[in-house]
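Residues per chain are reported as follows:
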Amino acid sequence: MDVDDLQLFVRIAQLRSISAAARDLGLTPAGASLRLAALERKLSARLLHRTTRQATLTEDGIAFLPHAEHLVQAAQSARAALGREQVAPRGTLRVAAPASFARMHIVPGLSDFCPKYPELALDLRISDSIVDLVEGAFDVAVRYTEPSDSSFVARRLAPDNRVLVASPGYIAQHGRPNSPDNLTEHACLVVGSLDLWTFRGKNAEVIERRVTPNLRINDGGAVRDAASAGLGIALMATWCASEELRSGALVPALPEYPLISTQTLWALYPSSRELAPKVRVFVDWLVDRFGNQPYWDHGLEGILNKG
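Residues numbered from 1 in each chain as written. Predicted model: local features only at pLDDT ≥ 70, side-chain atom pairs only at ≥ 80, totals over all residues. Heavy atoms only, no water.

Q: Before we go on, may I ask you to explain helix H10 (residues 277-290) in this structure?
A: With 14 residues, H10 extends 20 Å between its outermost C-alpha atoms, agreeing within 8% with the 20 Å of an ideal straight helix rising 1.5 Å per residue. Of all 14 residues making up H10, 10 are buried, and the element is well covered by its neighbours. Residue Gly291 follows H10 closely and has a positive phi angle near 70 degrees. (Helix = DSSP H or I, 4+ residues; strand = E, 2+ residues; numbered from the N terminus. Expected span 1.5 Å × (residues − 1). Buried < 20%, exposed > 50% of the residue type's maximum accessible area, 1.4 Å probe, protein only.)

Right, here's the structure in full:
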């Protein structure tokens with residue numbers, strides 16, 4: 001059996017898509033299908049169920065997959081031992097990420113990442129809609145919530161801290177709310193469906209208030225801009241509003257009642273015995289770039305506590 005055919009089968013099993021695996025390995029979908037069919041003939045077994053949208057393992061495919069993974073890994077290790085081939089990130093890396101976060105904190109760093117891996121092409125899809133990693137054949141997704149699906153690995157990237165903000169002009173005209181209960185007297189700006197705001201009270205109690213927004217926009221950057229223009233009070237992630245807080249374009253609106261956020265930024269990728277080099281280097285880069293104390297939060301503590 002050809003190791004390249006085994007690698008193709010393993011990648012199809014990981015992505016559940018012949019076309020995505022073909023693109024990843026530099027093949028045409030037709031060529032990948034022909035090679036897969038030839039492998040099945042050699043084995044006298046059908047390894048995959050094929051539909052127009054995805055490929056799923058048959059019972060024989062499930063049984064054969066760990067052996068194929070082992071052989072591919074052994075071949076890579078053997079080449080590395082001879083010193084003739086270095087396993088380097090190559091192919092196409094498909095990444096899904098939230099739109100505002102990607103524009104502000106992933107894309108600006110690509111001038112550092114991309115030149116290091118000239119054989120790697122990055123296909124970055126930015127959207128605030130939750131995409132299906134399997135159906136979309138994505139290698140990595142950046143999300144705010146950890147998945148419950150054990151077929152994916154979740155690696156923590158950074159905390160997703162939140163703060164209630166308004167412009168100095170709005171505060172001068174309408175005043176600050178004295179407590180979460182006073183929010184009903186103010187114009188509230190909401191990102192998407194995030195209209196349930198949770199605060200830590202003065203006695204450490206949890207206070208939840210569902211606000212009725214005067215303006216709802218499904219983009220964090222747009223809500224930040226609306227708040228900066230004086231349209232109301234907004235719940236913002238610090239990664240989105242840190243520059244405005246530093247410049248004074250936005251100020252904390254209710255500093256005595258800090259927001260409670262259970263959100264965390266995660267990198268998700270399919271669980272497999274052999275993590276592709278291209279996935280490993282990208283996720284490692286994200287972790288190094290953001291870290292436990294991300295750069296966007298540097299210097300904000302005094303501003304948020306001062307209010």
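Q: I'm lost on the sheet that holds strand S11 (residues 215-217) in this one. Help?
A: Sheet strands associate in pairs through backbone hydrogen bonding, adopting either a parallel or an antiparallel arrangement. Spatial ordering of the open sheet is given by S11-S8-S12-S7-S13, a layout of 5 strands whose pairing is mixed. Edge positions in the sheet fall to S11 and strand S13 (251-252), since each of these pairs with one other strand and no more. Pairing of strand S7 (residues 162-166) with S13, which is carried by 2 bridges, proceeds in the antiparallel orientation. Of the residues in S13, the one forming a bridge with Val165 is Pro252. Docked against the sheet, helix H8 (residues 220-228) engages strand S8 (188-191), S11 and strand S12 (233-237), running at close to 165 degrees with respect to S8. The strands touched by helix H9 (residues 238-247) within the sheet are S7, S12 and S13, with S12 carrying the most contacts at an inclination of about 115 degrees. (Pairing = 2+ DSSP bridges. Contact = heavy atoms within 4.5 Å. Axes fitted to C-alpha atoms, helices over the stretch in contact; angles between N-to-C directions.)

Q: So what exactly am I meant to see when it comes to the environment of Leu215 here?
A: Secondary-structure assignment places Leu215 in strand S11. Overall, Leu215 belongs to the partly exposed group, its relative accessible area being 30%. For the pair Leu215 and Ala187, spaced 28 residues apart in sequence, the C-alpha to C-alpha distance is 8.1 Å. The residues contacting Leu215, other than those within four sequence positions of it, are Cys188, Leu189, Val190, Ala226 and Leu231.

Q: What is the right way to read helix H2 (residues 18-25) from this model?
A: In an α-helix, one turn spans 3.6 residues; hence positions three or four apart end up facing the same way. Here H2 has its buried residues at Ile18, Ala20, Ala21, Ala22 and Asp24. Considering only its buried residues, H2 is in contact with helix H1 (3-15), helix H3 (29-43), strand S1 (48-50), strand S2 (55-57), strand S3 (91-97) and H10. Residue Gly26 follows H2 closely and has a positive phi angle near 75 degrees.

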